[in-house]
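Observations on the three-dimensional arrangement
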Amino acid sequence: QVQLVESGGGLVQPGGSLRLSCVGSGLTFRWYVMSWYRQAPGKERELVAAITSAGGSTTYDDSVKGRFTISRDDVKNTVFLQMNSLKPEDTAGYYCNAKWKSLTYWGQGTQVTVSS
């Protein structure tokens, strides 16, 4: 019933930009803390960015601060990740996460590849 669907990934050159989107359905979207995680081959999944249910607070991994911006549109049940100045080390599968109390949901992921 609950679905999170990511889109916007692709192949981009170093220094380029991408905007990821995650559309939720089957949940009261405005209640949830929304986050983006990423996982590269052979690496653990790591938190990239998060935004509170009220949209009043955000957090970022140090590796993306100043380059990535998380935002949300609760009317459209969507969370975004604007990624600028992309680096090869940003290459990973990017996953959308929704959490409210004991409830947590994951999207299927979208691939981001940064390469010349």
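Above this note sits the structure.
Everything in this summary refers to the structure shown in the same document. (Residues numbered from 1 in each chain as written. Predicted model: local features only at pLDDT ≥ 70, side-chain atom pairs only at ≥ 80, totals over all residues. Heavy atoms only, no water.)

1. What about the overall build of the chain?
Our working rule: Helix and strand labels come from DSSP, where a helix needs a run of H or I of at least four residues and a strand needs a run of E of at least two; each type is numbered from the N terminus. A radius of gyration in this sense is built from C-alpha atoms; the matching globule rule multiplies 2.2 Å by the number of residues raised to 0.38. Each residue is assigned to one of three classes by its accessible area relative to the maximum for its type, calculated with a 1.4 Å probe on protein chains only: buried under 20%, partly exposed between the two thresholds, exposed over 50%.
Counting its secondary structure elements, the chain contains zero helices and 11 strands. When the elements of the chain are put in sequence order from the N terminus, they spell out β-β-β-β-β-β-β-β-β-β-β. Taken over the C-alpha trace, the chain has a radius of gyration of 13 Å; the compact-globule value for 116 residues is 13 Å, and the two agree within 12%. The burial tally for the chain puts 39% of its 116 residues in the buried class.

2. Focus on the side chain of D90
Where we set the bar: Here a polar contact means two N or O atoms within 3.5 Å. Within protein one must be a hydrogen donor candidate and the other an acceptor candidate, and residues neighboring in sequence count only if both atoms are side-chain atoms. Working rule for contacts: check all heavy atoms of both residues, and any pair within 4.5 Å makes them a contact.
As for its placement among the helices and strands, D90 is situated in the loop between strand 8 (78–83) and strand 9 (92–100). Reaching out from D90, the side chain makes a polar contact with the backbone nitrogen of K87 at a distance of 2.8 Å. Residue contacts for D90: discarding those within four places in its chain leaves R38, R67, F68, S85, V112 and V114.

3. Focus: the nonpolar core
For the record, the criterion: To form a nonpolar core, buried Ala, Val, Leu, Ile, Met, Phe, Trp, Tyr and Cys residues must be joined to one another through side-chain atoms within 4.5 Å.
M34, W36, V79, L81, M83 and Y94 are the most contacted members of the largest nonpolar core, which totals 27 residues. Among the secondary structure elements, those contributing two or more residues to this core are strand 3 (18–25), strand 4 (33–39), strand 5 (46–51), strand 7 (68–73), strand 8, strand 9 and strand 11 (110–114). At four residues, the largest contribution of residues to this core is made by strand 9. Other than its neighbours up to four places away in sequence, V79 contacts L20, S21, C22, F29, M34, W36, I51, I70, S71, R72 and C96.

4. Quick look at the sheet that holds strand 3
For the record, the criterion: Think of it this way: DSSP has to see at least two bridges between two strands before they count as a pair. Here an angle of 0 to 180 degrees is reported between the N-to-C directions of two axes, which are lines fitted to C-alpha atoms, with helices fitted over the stretch in contact.
With antiparallel pairing, four strands are arranged side by side in an open sheet as 1-3-8-7. Whereas interior strands pair on both sides, the edge strands pair on one side only; in this sheet they are strand 1 (3–7) and strand 7. Averaged over all pairs of adjacent strands, the angle between their axes in this sheet comes to 15°, without regard to strand direction. Looking at chain direction, strand 7 and strand 8 are connected through six bridges and run antiparallel. Following the sheet pairing, S71 is matched in strand 8 by F80.

5. Section: the environment of K87
As for its position among the elements, K87 is in the loop between strand 8 and strand 9. With 26 residues separating them in the primary sequence, K87 and T113 have C-alpha atoms 9.2 Å apart. Dropping the residues within four chain positions of it, K87 is found in contact with R67 and V114.

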